[in-house]
Amino acid sequence: MQHLKNINQDKIREWLGEIENKEIQDYEIALNNLATANAKLPPAYLKEHILGQISSLNENRLIQGKIDIKNPPLIHKDSNIQDWINAIEGLKAPIDFDEIHLEPIRSDETVEMFIAWASTIIPEEVHDNILESFLILEGSCICHIKDQQGNLRIVHMQAGDFITMGIGETHDLHITSEQPTKAILQWLKIAA
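Owing to the predicted nature of the structure, the values given are computational and were not obtained by experimental measurement.

Conventions we followed
Residues numbered from 1 in each chain as written. Predicted model: local features only at pLDDT ≥ 70, side-chain atom pairs only at ≥ 80, totals over all residues. Heavy atoms only, no water. Core = buried A, V, L, I, M, F, W, Y, C linked by side-chain atoms within 4.5 Å. Buried < 20%, exposed > 50% of the residue type's maximum accessible area, 1.4 Å probe, protein only. Contact = heavy atoms within 4.5 Å. Pairing = 2+ DSSP bridges. Helix = DSSP H or I, 4+ residues; strand = E, 2+ residues; numbered from the N terminus. Axes fitted to C-alpha atoms, helices over the stretch in contact; angles between N-to-C directions. Polar contact = N/O pair within 3.5 Å; in protein donor to acceptor, adjacent residues only side chain to side chain. Salt bridge = Lys/Arg side-chain N within 4 Å of Asp/Glu carboxyl O.

Counting 16 residues, the largest nonpolar core has Phe134 and Leu173 as the members making the most contacts within it. Setting aside residues up to four positions removed in sequence, Leu173 forms contacts with Thr120, Ile121, Ile122, Phe134, Cys141, Ile142 and Cys143. Of all hydrophobic cores here, the second largest spans 15 residues; its members include Ala87, Ala93, Trp117 and Leu137.

Pasting the structure below:
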């Protein structure tokens, strides 16, 4: 994380481009003055975390690519959410779907992939031969995951977050956003 120490306001402006609009510049000055007048010392890790996220977003912007939705790549922890949003632009769930709607986007001997919309609770399930992953595109949810030893972890997720459930992990999903949560759902088939 040494490279994060070199990130400053000028570097962020470079990533965002020059601001031409006088009104936006005035807002920026006013917000800086307000922040300075009410400054409180944040936890030490916070600056590094925020700058890391900004740096990651910038790197993703630079390597952004086009996804062929007819032959989509597997999702993973470094998948670019904007690439996926662009690839499925215009695809919508039916207005009257009940709890979950799955729109298949890839199916072969190794993987099943879907655009998934969920509006409420997805009941507890477990997979013994599927490695399930999802990348949240819109909305938010809470995932309760219990491993085979009974250890529970609770994961809060929002747009841009990625997770994989281990083989044999029991899990459920509770939608926390007002609108349905939209995600790319991936079932990687594991040989028995």
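What follows concerns the sheet that holds strand β5 (residues 140-146). Backbone-to-backbone hydrogen bonds join strands into a sheet, with any given pair of strands oriented parallel or antiparallel. Pairing is antiparallel across the open sheet formed by four strands, whose spatial order is β3-β8-β5-β6. For this open sheet the edge positions go to β3 (121-125) and β6 (152-158), each flanked by a neighbour on one side alone. The average angle at which neighbouring strand axes cross in this sheet is 15°, direction not considered. Across six bridges, the pairing between β5 and strand β8 (residues 170-175) is antiparallel. Looking at the pairing, Cys143 lines up with Leu173 of β8.

This part covers the side chain of His101. Looking at where His101 falls in the secondary structure, it is placed in strand β1 (residues 100-107). A residue is classified by how much of its surface remains accessible, and His101, at 18% relative accessible area, is buried. A distance of 3.3 Å separates a polar atom in the side chain of His101 from a polar atom in the side chain of Glu103. Among residues more than four places away in sequence, those in contact with His101 are Ala93, Pro94, Ile115, Ala116 and Trp117.

Taking strand neighbours across the sheet as the criterion, the five strands line up as β1-β2-β9-β4-β7 in an open arrangement whose pairing is antiparallel. The sheet is open, and its two edges are formed by β1 and β7 (162-165), each paired on a single side. Taking the axes of each pair of neighbouring strands and ignoring which way they run, one obtains an average angle of 20° across the sheet. Two elements, strand β2 (residues 111-118) and strand β9 (residues 181-189), share eight bridges in a ladder whose sense is antiparallel. Each residue of the ladder has a partner; that of Glu112, found in β9, is Trp187.

Right, let's get into the environment of Leu74. Tracing the backbone shows Leu74 in the loop between α3 (44-62) and α4 (81-87). Residue classification places Leu74 among the partly exposed residues on the basis of a relative accessible area of 35%. Leu74 sits 111 residues away from Leu185 along the chain, and the two C-alpha atoms are 9.9 Å apart. Setting aside residues up to four positions removed in sequence, Leu74 forms contacts with Ser79, Arg106, Val111, Met113, Gln186 and Leu188.

What follows is about the pairing of β1. Direction of pairing for β1 relative to β2: antiparallel, over a ladder of seven bridges. Bridge assignment links Arg106 to a residue of β2, and that residue is Met113. Here β1 folds back onto β2, and the loop between the two strands holds three residues.

Once the charged atoms of two side chains with opposite charge are near each other, the side chains can pair. Tallying each qualifying case throughout the model produces five salt bridges. With its nearest N and O atoms 3.2 Å apart, the salt bridge here joins Glu112 to Lys189. Within this pair, whereas Glu112 is found in strand β2, its partner Lys189 is found in strand β9, the two being separated by 77 residues in sequence. For Lys189, a relative accessible area of 35% translates into the label partly exposed. Put simply, Glu138 and Lys182 hold a salt bridge, and the shortest N to O gap is 3.4 Å. With a gap of 44 residues between them, Glu138 in strand β4 (residues 130-138) and Lys182 in strand β9 connect regions that are remote in the sequence. According to the relative accessible area criterion, Lys182 is buried, its value standing at 10%.

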